[in-house]
Amino acid sequence: MTESQRPKAWNELLEKLTFMPAVVKAIEKIHDINWSMTPNQHDHYEMVYVKKGTATFVVDGVDVHLVPNSVIIIKPQKAHKLIVRSESCELIVLYFQLKAKKDGDASHASLNDFVDYIEDEASGAYVYLKLSKKNDIVYVMNRILRERMKYQVWGDFLSCLLIMELFVLLSRMLKQEWEQNAKNRNLKLHELLLIAKEYIDNNYARELTLSQVAKYIYLSDSYFAHSFKDKFGISPKSYILKIRIEEAQELLENTDMRIADVALSVGFSSQQRFNDIFRKYTKMTPLRYRQQKKLEKTNL
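Each chain has its residues counted from 1, running along the sequence as written. In keeping with the model being predicted, local features are shown solely for residues with a pLDDT of at least 70 and side-chain atom pairs are shown and tallied solely at 80 or more, while totals for entire chains, interfaces and linings include all residues. Think of the side-chain values as coming from all heavy atoms in the structure, minus any hydrogens and water.

1. Regarding the packing of aromatic side chains
Line of reasoning, step 1. The criterion for an aromatic pair is that two Phe, Tyr or Trp rings (for Trp, the six-membered ring) have centres within 6.5 Å, with stacked assigned to planes under 30 degrees apart, edge-to-face to planes over 60 apart and tilted to the rest. Considering all chains together, one arrives at eight aromatic pairs under this definition.
Line of reasoning, step 2. Ring geometry for Phe 228 versus Phe 232: centroids 4.7 Å apart, planes at 55°, classification tilted. With a gap of four residues between them, Phe 228 and Phe 232 both fall in helix α5 (residues 221–232), about one helical turn apart.
Line of reasoning, step 3. Categorising residues by exposure relies on relative accessible area from a 1.4 Å probe, with only protein chains included: less than 20% of the type maximum marks a residue as buried, more than 50% marks it as exposed, and the intermediate range marks it as partly exposed. Residue classification places Phe 228 among the buried residues on the basis of a relative accessible area of 0%.
Line of reasoning, step 4. On the accessibility criterion, Phe 232 (26% relative accessible area) is partly exposed.
Line of reasoning, step 5. Aromatic side chains Phe 268 and Phe 274 sit 5.4 Å apart centroid to centroid with 50° between the ring planes, which places their arrangement in the tilted category. Comparing Phe 268 with Phe 274, the two get one shared label, buried.
Line of reasoning, step 6. Three or more aromatic residues joined by ring pairs form one cluster here, namely Phe 224, Phe 228, Phe 232 and Tyr 239.
Line of reasoning, step 7. Residue placement shows Lys 197 over the ring face of Phe 232; its charged tip is 5.9 Å from the ring centre.
Line of reasoning, step 8. The rule is short: NZ of Lys or CZ of Arg within 6 Å of the ring centre and within 35 degrees of the ring normal puts a charge over the ring. For Arg 244, the ring lying beneath its charged end belongs to Phe 268, and the centroid distance is 5.7 Å. Strands are runs of DSSP state E lasting at least two residues, helices are runs of H or I lasting at least four, and both sets are numbered from the N terminus onward.

2. Re the environment of Val 71
Line of reasoning, step 1. By the element assignment, Val 71 lies in strand β5 (residues 70–74).
Line of reasoning, step 2. Remark: the alpha-carbon pair of Val 71 and Val 138, spanning 67 residues in sequence, is separated by 9.2 Å.
Line of reasoning, step 3. Every residue in contact with Val 71, bar those within four places of it in the chain, is listed here: Met 47, Val 48, Tyr 49, Val 127, Tyr 128, Leu 129 and Leu 131. Should any heavy atoms of two residues lie within 4.5 Å, those residues are considered in contact.

3. A few points about α5
Line of reasoning, step 1. Every helix has an expected span of 1.5 Å times one less than the residues it contains. Counted at 1.5 Å a residue, the expected span for α5 with its 12 residues is 16 Å, and the 16 Å between its end C-alpha atoms agrees.
Line of reasoning, step 2. Three or more residues of α5 are buried, namely Phe 224, Ser 227 and Phe 228. Down the axis of α5, the buried side of the element spans an arc of 105°, and every buried residue falls inside it. Across from the buried face of α5, at angles greater than 90 degrees, the exposed residues are Ser 222 and Asp 230.
Line of reasoning, step 3. Backbone geometry just after α5 places Gly 233 at a positive phi near 75°. Throughout, the arc means that of the directions going from the helix axis to the C-beta atoms.

4. Some thoughts on the pairing of strand β4 (residues 62–66)
Line of reasoning, step 1. Note on pairing: DSSP must find at least two bridges between two strands before they are called paired. Inspection of the sheet shows strand β3 (residues 55–59) paired to β4 by five bridges, in the antiparallel sense. Bridge pairing in β4 places Val 59 opposite Val 62.

5. Digging into the confidence of the model for the protein chain
Line of reasoning, step 1. Predictor confidence is given residue by residue as pLDDT, running from a minimum of 0 to a maximum of 100. Residues with a pLDDT of 70 or more make up 81% of the protein chain, whose mean pLDDT is 82.
Line of reasoning, step 2. Contacts for the low-pLDDT stretch residues 107–122, under 50 throughout, to residues beyond four places or in other chains number 43 contacts.

6. What about helix α2 (residues 136–150)?
Line of reasoning, step 1. Helix length check: α2, at 15 residues, gives a terminal C-alpha distance of 21 Å against a target of 21 Å (1.5 Å per residue), a fit within 8%.
Line of reasoning, step 2. Buried residues of α2: Ile 137, Val 138, Val 140, Met 141, Ile 144, Leu 145, Glu 147 and Arg 148, and no others.
Line of reasoning, step 3. For α2, the capping residue at the N-terminal end is Asn 135, with a side-chain oxygen 2.7 Å from the backbone nitrogen of Ile 137. Within 3.5 Å is the distance limit for a polar contact, defined as a pair of N or O atoms, with the added protein rule that one can donate a hydrogen and the other accept it, and that residues adjacent in sequence qualify only through two side-chain atoms.

7. Details of the nonpolar core
One recurring pattern in soluble globular proteins is that nonpolar side chains are buried together.
Line of reasoning, step 1. Definition used in this section: a nonpolar core is a set of buried Ala, Val, Leu, Ile, Met, Phe, Trp, Tyr and Cys residues joined via side-chain atoms within 4.5 Å. The biggest cluster of nonpolar side chains holds 33 residues, and the ones touching the most others in it are Ile 200, Val 213, Phe 224, Leu 252, Phe 268, Phe 274 and Phe 278.
Line of reasoning, step 2. Elements with a contribution of two residues or more to this core: α3 (155–203), α4 (210–216), α5, α6 (236–254), α7 (259–265) and α8 (271–282).
Line of reasoning, step 3. It is α6 that provides the largest number of residues to this core, a total of eight residues.
Line of reasoning, step 4. Discounting residues that sit within four places of it in the chain, Val 213 has contacts with Ala 196, Tyr 199, Ile 200, Leu 208 and Phe 224.
Line of reasoning, step 5. Counting 28 residues, the second-largest nonpolar core is a separate cluster that includes Ala 26, Ile 73, Val 127 and Val 138.

8. Quick notes on the pattern of salt bridges
Line of reasoning, step 1. By definition here, a salt bridge exists when the distance from a side-chain nitrogen of Lys or Arg to a carboxyl oxygen of Asp or Glu is within 4 Å. Using the criterion set out here, one finds six salt bridges in the structure.
Line of reasoning, step 2. Among the ionic pairs, Lys 242 bridges to Glu 246, the shortest N-O distance being 2.8 Å. Of this pair, Lys 242 and Glu 246 both sit in helix α6, separated by four residues, roughly a single helical turn.
Line of reasoning, step 3. In this structure, Asp 276 and Arg 279 form a salt bridge, with 3.7 Å as the shortest nitrogen-oxygen distance. Note that Asp 276 and Arg 279 are positioned in helix α8 at a spacing of three residues, about one turn of the helix.
Line of reasoning, step 4. Judged by its relative accessible area of 37%, Asp 276 falls in the partly exposed class.

9. Overview of unusual backbone geometry
Most of the time, phi is negative for any residue but glycine, and the peptide bond is trans.
Line of reasoning, step 1. For Asp 60, which is not glycine, the phi torsion reads 50° and is therefore positive.
Line of reasoning, step 2. Its place among the elements puts Asp 60 in the loop between β3 and β4.
Line of reasoning, step 3. Of note in the backbone geometry, Tyr 218 takes a positive phi value of approximately 60° without being a glycine.
Line of reasoning, step 4. Position of Tyr 218 among the secondary structure elements: in the loop between α4 and α5.

This is how it looks when you write it as structure tokens:
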């Protein structure tokens, strides 16, 4: 189709995009368990939807198990092989390229051109999704399949619009999955930080470092420190000192322990260090704090 024959909307769309998706082939396949293929790779993307049955794609040496209503998108130049696992396996296979709008050459541009959070390397050799049976993605794939089989007027234009719609739907679903995974990670992090806080509460009296607490919940020092402060509004180091000083206040007020012994019992290696930190938090020395509390009790 020449430029003069294209609808105005199509030309406007071409002007705005760096790459245009182009359907290379859309086919429906049925394989039985005895079917086999040799590993191959090609210059275009391959999107496979499993209608019925089960199969395994080996992509760059990684096994990806496919079940009904699952989709895999294999990126260009990635070696892959399909192994049928059930008696019969029905598939819709869509091959597509991303073509530069100026010269029409096929590009290996990543899906990032349509799904802005999928990086070419970060997402690996493939993208996997589990869909519902009536998912819009499945509907659009079937529409593309039918259009490619009909070869009717404006079929190329409609196929282009349909695959654009397909990428919009894919981006939405992948974004939802990313957000859900992020939510799950946040829930897990919340639990880990509570565990860390309880660990500090129970172990403040012994020599305790940031690294020890971070290691206890399997987080890096920097990530743990940043997350702990975001969660509780205080750094882990400051929280450890705060707990030690609060416990020291209890001992100074309610016992006759020597100040040096109080310092050791709440986790300070020296009395001088204890005195300095105590004064910083309470604006008075440990001895002055004890004397003031005794005077308050006498007055009462």
